[in-house]
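Spelled out from the first residue to the last, the chains are:
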Amino acid sequence: WCVDSSSCFATCSLCVCVFLFLFCFFFLMIRRPPRSTLFPYTTLFRSRKSLIAAGDDGGNIFIWDLTGKRVTDRLTGHNGAVMALAPSPNHKWLASSGRDGRVIIWDLDTDGSSRVLASNLGRIDALSVSPDGRRIAAGTVHGTVHVISTKSGRVLWKLKELGGLVKAVAFS
């Protein structure tokens, strides 16, 4: 490669420049762009009142009444971002999951009270409520789907056959 010291220095300098350019380019491409801290994860559901629920990075869930176009409730309970929301079939409660590995059930019909259904499951990015409202499927970033009883909070099934991140779950 190098005929004399000046050509060797130029070749090495070029290699270093190319390496730095590629490193910076890939670092900027792979790095996540900054997100707004307000309402990055949302879901729409319809009920008797036409409500929208949205979760934020701070662990808050905001409930809007679409007819009045105003926030009617702010639910707090997650330590970290709310990752998924799923309404019950009768729209009386809302299930939420977060980066904290917990599934929380929120009472929407009365006082907005909550109960932790499951915890320590790992980050949960996907939630679904069964058509009868008796089970919740929770998909984790570790490739596991937990099927949880809404009555007891007990994990009924743990499906591990998935290879990677679970981004969606659904009951038929």
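Scroll up a little and you will see the structure.
Residues numbered from 1 in each chain as written. Predicted model: local features only at pLDDT ≥ 70, side-chain atom pairs only at ≥ 80, totals over all residues. Heavy atoms only, no water.

**Comments concerning the packing of aromatic side chains**
Summed over all chains, the structure comprises 1 aromatic pair. The interplanar angle of 35 degrees and the centroid separation of 6.4 Å between the aromatic rings of F62 and W64 together place this pair among those described as tilted. Take W64: its relative accessible area is 22%, and that puts it in the partly exposed class. (Phe/Tyr/Trp six-rings, centres within 6.5 Å; stacked < 30°, edge-to-face > 60°. Buried < 20%, exposed > 50% of the residue type's maximum accessible area, 1.4 Å probe, protein only.)

**Re the sheet that holds strand 6 (residues 93–98)**
The strand order across the open sheet formed by 4 strands is 5-6-7-8, and the pairing between neighbours is antiparallel. The open sheet is flanked by strand 5 (82–87) and strand 8 (114–118), the only strands paired with a single partner. On average, each strand axis in the sheet is tilted by 25 degrees relative to the strand beside it, whichever way the strands run. As paired strands, strand 6 and strand 7 (residues 103–107) are joined by 5 bridges and run antiparallel to one another. Paired with A95 across the strands is I105, a residue of strand 7. (Pairing = 2+ DSSP bridges. Helix = DSSP H or I, 4+ residues; strand = E, 2+ residues; numbered from the N terminus. Axes fitted to C-alpha atoms, helices over the stretch in contact; angles between N-to-C directions.)

**Quick word on the sheet that holds strand 11 (residues 145–149)**
Reading across from one edge, 9-10-11-12 is the order of the 4 strands in this open sheet, with antiparallel pairing throughout. In this open sheet, the two edge strands, each paired with only one partner strand, are strand 9 (124–129) and strand 12 (155–159). On average, each strand axis in the sheet is tilted by 20 degrees relative to the strand beside it, whichever way the strands run. As defined by bridge partners, strand 9 adjoins strand 10 (residues 135–140) across 5 bridges and the pair is classed as antiparallel. Bridging from a neighbouring strand, L127 pairs with A138 of strand 10.

**Focus: the side chain of D125**
With respect to the secondary-structure elements, D125 resides in strand 9. A polar side-chain atom of D125 sits 2.8 Å from a polar atom in the side chain of R123. In contact with D125, other than residues within four places in its own chain, are M83, A84, G139, V141, L165, V166 and K167. (Polar contact = N/O pair within 3.5 Å; in protein donor to acceptor, adjacent residues only side chain to side chain. Contact = heavy atoms within 4.5 Å.)

**Observations concerning the side chain of S149**
Secondary-structure assignment places S149 in strand 11. Residue S149 is classed as buried on the basis of its relative accessible area of 10%. Excluding residues within four positions of it along the chain, S149 makes contact with L117, R134, R154 and L156.

**With respect to the nonpolar core**
Grouped together as the largest cluster of nonpolar side chains are 15 residues, with contacts concentrated most on V103, L127, I136 and I148. Setting aside chain neighbours within four positions, we find L127 in contact with A84, A86, A95, S96, S97, V103, I136, A137, A138 and V169. By size, the runner-up hydrophobic cluster in this structure holds 11 residues, among which are V82, L85, L94 and W106. (Core = buried A, V, L, I, M, F, W, Y, C linked by side-chain atoms within 4.5 Å.)

**Side note on unusual backbone geometry**
Phi at H91 is positive, roughly 65 degrees, even though this residue is not glycine. Positionally, H91 belongs in the loop between strand 5 and strand 6.

**Brief notes about the environment of N79**
For N79, the location among the structural elements is in the loop between strand 4 (70–76) and strand 5. Measuring from C-alpha to C-alpha, the distance between N79 and D57 comes to 9.2 Å, with 22 residues separating the pair along the chain. Aside from chain neighbours lying at most four places away, what touches N79 is D100 and R102.

**Considering the pattern of salt bridges**
One pass over the full model with this rule turns up 5 salt bridges. For D132, the salt bridge identified is with R134, shortest N-O distance 3.2 Å. Owing to a relative accessible area of 54%, R134 belongs among the exposed residues under this scheme. (Salt bridge = Lys/Arg side-chain N within 4 Å of Asp/Glu carboxyl O.)

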